[in-house]
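Residue-level structure breakdown
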Amino acid sequence: MADPQKIHPVHDVEAPNHPSAPLVPRSMSKSDARDPERVDQQHPPQSTIPVMHSKPPKKRRSCCCRFFCWTISILLILIVAIGITIGILYLVFRPKLPKYSVDELGVTQFNLADNDSLSVTFNLTITARNPNKKIGIDYRGGSHISAWYLDTKLCEGSLPKFYQGHHNTTVLSIPLTGQTQNATGLQSTLQQQLQQTGNVPLNLKVKQPVRIKLGKLKLFKIKFRVRCRIVVDSLDANNSIRIRSSSCKFRFRL
């Protein structure tokens, strides 16, 4: 009796090889696979975050910053250059302030008229000293000098035009004239001042435009301002007036 034939399955080589994959992920249990809500809770959907791109800086701001930096740099350079120039000039010329003094005061007229007007004429003798070795002073026109008692201007005049060289001392004779209205009260105050103290304080105010000369170079015009305070023993006309004290202060203005 013949043996029954056995049929063995034959593997098809040409058939596509599909990898077998589990229907349920390994991390998920069968109960999770049956419950979709639980799956959604375990794996929530990821939200996308929008990416914000920064705007490039404006060119206008950069231009303004550059202009500001250049301006500051130029100003600093100019300040340093001016400082160096002034320092060199100071070391070369060694500038010193001029000095002034009131030496004499002559009273030619000091009369109170019938109409209460006071006529005053002074003759001042002022000494101007230039102590500089390399700097000259050119006194220009347009000067003004006035004599005051308290807040009342008694008389006024001007200084002559002249050039004062190095290490020079110049004596100036300056006439001052003036007239004050309603001067009865002023005359009474002067009389009372003389009786109480025996002297009269006067103030002299001088404004003088000058040009400084450094060697052969003449600088721009500046203004000298001189304030002198003098104390005299009287203001009687045609009498010898003695100056008991005199002091002057000097400053200049561009």
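Sequence order as written defines residue numbering, which begins from 1 separately in each chain. Reporting in this predicted model follows two pLDDT cut-offs: at least 70 for local features of residues, and 80 or more for side-chain atom pairs to be given and counted; totals over whole chains, interfaces and linings ignore these cut-offs and use all residues. Excluded from the side-chain calculations are hydrogens and water; all other atoms, namely the structure's heavy atoms, are used.

Next up on the list: empty space enclosed by the protein. Here a cavity is any set of points on a 1 Å grid over the protein atoms alone where a 1.4 Å probe fits but cannot get out, and a pocket is any open set with protein on both sides within 12 Å along at least 5 of 7 lines; a residue lines the site when it has an atom within 4 Å of a point. Grid points are joined across faces, edges and corners, and a volume is the space filled by probe spheres set on the points. Overall, the coordinates contain one cavity of 30 Å³ or more when judged by the stated rule. Its boundaries defined by the atoms lining it, the largest cavity holds a volume of some 110 Å³. Lining the largest cavity, in full, are Tyr100, Ile126, Ala128, Tyr139, Leu159, Leu172, Val206, Gln208, Phe224, Val226 and Cys228. When contributions to the lining of the largest cavity are tallied by element, the ones reaching two or more residues are strand S2 (118-130), strand S8 (200-214) and strand S9 (217-232). Sort the elements by how many residues they give to the lining of the largest cavity and S9 lands first, with three residues. Gly falls in the polar group here, along with every residue not listed as nonpolar (Ala, Val, Leu, Ile, Met, Phe, Trp, Tyr, Cys, Pro) or charged (Asp, Glu, Lys, Arg). The residue inventory of the lining of the largest cavity, partitioned by class, reads 10 nonpolar, one polar and no charged. The numbering of helices and of strands both runs from the N terminus, where a helix is a DSSP run of H or I of at least 4 residues and a strand a run of E of at least 2.

Put simply, two rings from Phe, Tyr or Trp (the six-membered ring, in Trp's case) pair if the centres are within 6.5 Å, and we call them stacked under 30 degrees between planes, edge-to-face over 60, tilted for the rest. Counting across every chain of the model gives four aromatic pairs. Taken together through their ring pairs, the aromatic side chains of Tyr100, Tyr139, Phe162, Phe224 and Phe250 make up a single cluster. Look at NZ for Lys and CZ for Arg. If either is within 6 Å of the ring centre and within 35 degrees of the ring normal, a charge sits over the ring. The residue whose ring lies beneath lysine 205 is tryptophan 148, and the NZ or CZ to ring-centre distance is 4.4 Å.

Turning to the layout of surface pockets, a few remarks are in order. The space that makes up the largest pocket amounts to roughly 710 Å³. Every residue lining the largest pocket is counted, 21 residues in all, and those nearest its centre are Pro95, Ile212, Leu214, Leu219 and Phe252. Looking at the lining of the largest pocket, the elements with two or more residues in it are helix H3 (59-93), strand S3 (135-139), S8, S9 and strand S10 (243-253). In terms of residue count, S9 provides more of the lining of the largest pocket than any other element does, five residues in total. By residue class, the composition of the lining of the largest pocket is 19 nonpolar, one polar and one charged.

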